[in-house]
Amino acid sequence: MTAAHAVASAGATSIYAVIGNPIQQSKSPLIHGMFAQATGQNMQYTTIEGPLGGFAGAVDAFRALGGLGLNITAPFKLDAFAYATERSERAQLAGAANAMKFDGARVLAENFDGVGLVRDVTHNLGCSLKGKRILLLGAGGAARGALLPFLEQAPAELVIANRSVDKALELAKIGAAKGNVRGCAYTELVGQTFDVVFNATSASLRAELPPVPASVFANCGLAYELAYGKGLTPFLRLAQNAGVKQLADGVGMLAEQAAEAFVWWRGVRPDTRTVINKLTVPLV
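Owing to the predicted nature of the structure, the values given are computational and were not obtained by experimental measurement. (Residues numbered from 1 in each chain as written. Predicted model: local features only at pLDDT ≥ 70, side-chain atom pairs only at ≥ 80, totals over all residues. Heavy atoms only, no water.)

(A) Region of the structure containing the overall build of the protein. Scanning the protein from terminus to terminus reveals 11 helices and 12 strands. Against the 2.2 N^0.38 benchmark of 19 Å for 284 residues, the protein shows a C-alpha radius of gyration of 19 Å, consistent with a compact globule. Expressed along its principal axes, the backbone C-alpha trace of the protein runs to roughly 60 × 35 × 30 Å. Per-residue burial for the protein yields a buried fraction of 52% across its 284 residues. For the protein, the share of sequence-separated contacts (at least 6 apart) that also reach a separation of at least 24 residues comes to 68%. Taking the average place of the 25 positive charges on the side chains of the protein and the average place of its 21 negative ones, the gap between the two points comes to 3 Å. (Helix = DSSP H or I, 4+ residues; strand = E, 2+ residues; numbered from the N terminus. Rg over C-alpha atoms; globule rule 2.2 N^0.38 Å. Buried < 20%, exposed > 50% of the residue type's maximum accessible area, 1.4 Å probe, protein only. Contact = heavy atoms within 4.5 Å. Lys, Arg positive; Asp, Glu negative; His and termini not counted. Charge placed at Lys NZ, Arg CZ, Asp CG, Glu CD.)

Okay, structure coming up:
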């Protein structure tokens, strides 16, 4: 269904959507549909396959038809950031937006990826990050989104490791005013141990292992894979074999970032447990 058809058929129903290209794989309509039903919200949520190079026109059309908010997925998170008239600190730090809200001529941009990740870890998994040594693998968009929410938890240290060490150093410099953070190469991790390790690289999408030494898991209580629905990825298998007891993938992050957008739009926080249970793929 196109955004135009959704708006035209909905009457007074509040309209939201997710925009991306491709978009067929998105779980957002399922998630927000479950949230709306559970909270009694009169809203409809659809998908928009935005044309490459045509993000602004697609959003203009959606707004003209009464659309109130959008989730943004690849490859449009940078386009959404540029389109906005106002950007949250999280979005500014990430340099990207994964949600927008429309208020007349105002276009508010947010990035809920990192805050959703932290809520999953601290609320759903019961793992406090305060005073912990955190290792974050990767320095791309996912890592940028997680930087501020991680540092707001007051970890003892946040270490960012990346193949291109310059990107890790750049990200650490951005976060330096917010907490104890440093960047390094993977080779510098030898001999270091961490309490929590996050894989924010794209390696698991290719069933590959980031070049992290198994020794980093010696005292690790949680290994977290930001990709979801991939089962026991090479990263999680390495952690498991190293003795890490708690393993998790990004399904909780997916649900929690959606919940953050939902409460931002609708003013009511949905419970995420049913969504997480429905979308969870066993880590085997």
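(B) Layout of the pattern of salt bridges. Under the criterion given, the structure shown has 10 salt bridges. Here E256 makes a salt bridge to R119, at a shortest N to O gap of 3.1 Å. Here E256 is found in helix α10 (residues 251–266), whereas its partner R119 is found in helix α6 (residues 113–124), with 137 residues between them in sequence. We classify R119 as partly exposed; its relative accessible area is 24%. Two residues, E208 and R206, come together in a salt bridge whose shortest N-O distance is 3.1 Å. Overall, E208 belongs to the partly exposed group, its relative accessible area being 36%. Beyond isolated ion pairs, a larger network of salt bridges with shared partners links E86, D103 and R106. (Salt bridge = Lys/Arg side-chain N within 4 Å of Asp/Glu carboxyl O.)

(C) Representation of the sheet that holds strand β10 (residues 196–199). Strand order in this open sheet of 6 strands is β9-β8-β7-β10-β11-β12, and the pairing throughout is parallel. Only two strands of the sheet have a single partner each, and these edge strands are β9 (181–184) and β12 (246–248). Sheet twist, expressed as the average angle between the axes of neighbouring strands with direction ignored, equals 15°. Pairing analysis gives 4 bridges linking strand β7 (residues 133–137) to β10, with the strands arranged parallel. Counterpart to L136 in the pairing with β10 is F198. Helix-sheet contacts for helix α9 (residues 234–241) involve β7, β10, β11 (222–225) and β12, and the interaxial angle to β11 is about 170°. (Pairing = 2+ DSSP bridges. Axes fitted to C-alpha atoms, helices over the stretch in contact; angles between N-to-C directions.)

(D) The arrangement of the packing of aromatic side chains in detail. Going through the model one piece at a time under the given rule, you end up with 10 aromatic pairs. Here the aromatic rings of F55 and F76 are separated by 5.3 Å at their centres, their planes lie at 35°, and the arrangement is tilted. Placement of the pair is F55 in helix α3 (residues 55–64) and F76 in the loop between β3 (69–72) and α4 (77–83), with a sequence separation of 21 residues. Like F76, F55 is buried. Consider the rings of F55 and Y83, whose centres lie 6.0 Å apart with planes at 90°: the pair is edge-to-face. Here Y83 lies in helix α4 and F55 lies in helix α3, a separation of 28 residues in the sequence. The ring of F81 carries the charged tip of R87 above its face, separated from the ring centre by 4.9 Å. (Phe/Tyr/Trp six-rings, centres within 6.5 Å; stacked < 30°, edge-to-face > 60°. Lys NZ or Arg CZ within 6 Å of the ring centre and 35° of its normal.)

(E) Region of interest: the pairing of β7. Within β7, 4 of the 5 residues are buried, leaving the element largely enclosed by the surrounding structure. Of the pairings in the sheet, the one linking β7 to strand β8 (residues 157–161) comprises 5 bridges and is parallel in character. If you follow L136 over to β8, its bridge partner there is I160. Once the chain exits β7 it traverses helix α7 (residues 141–151) before rejoining the sheet at β8, and the crossover so formed is right-handed. (Right-handed = clockwise from strand over helix to strand, strands pointing away.)

Such coordinate-based values are descriptive only and should not be taken to indicate function.
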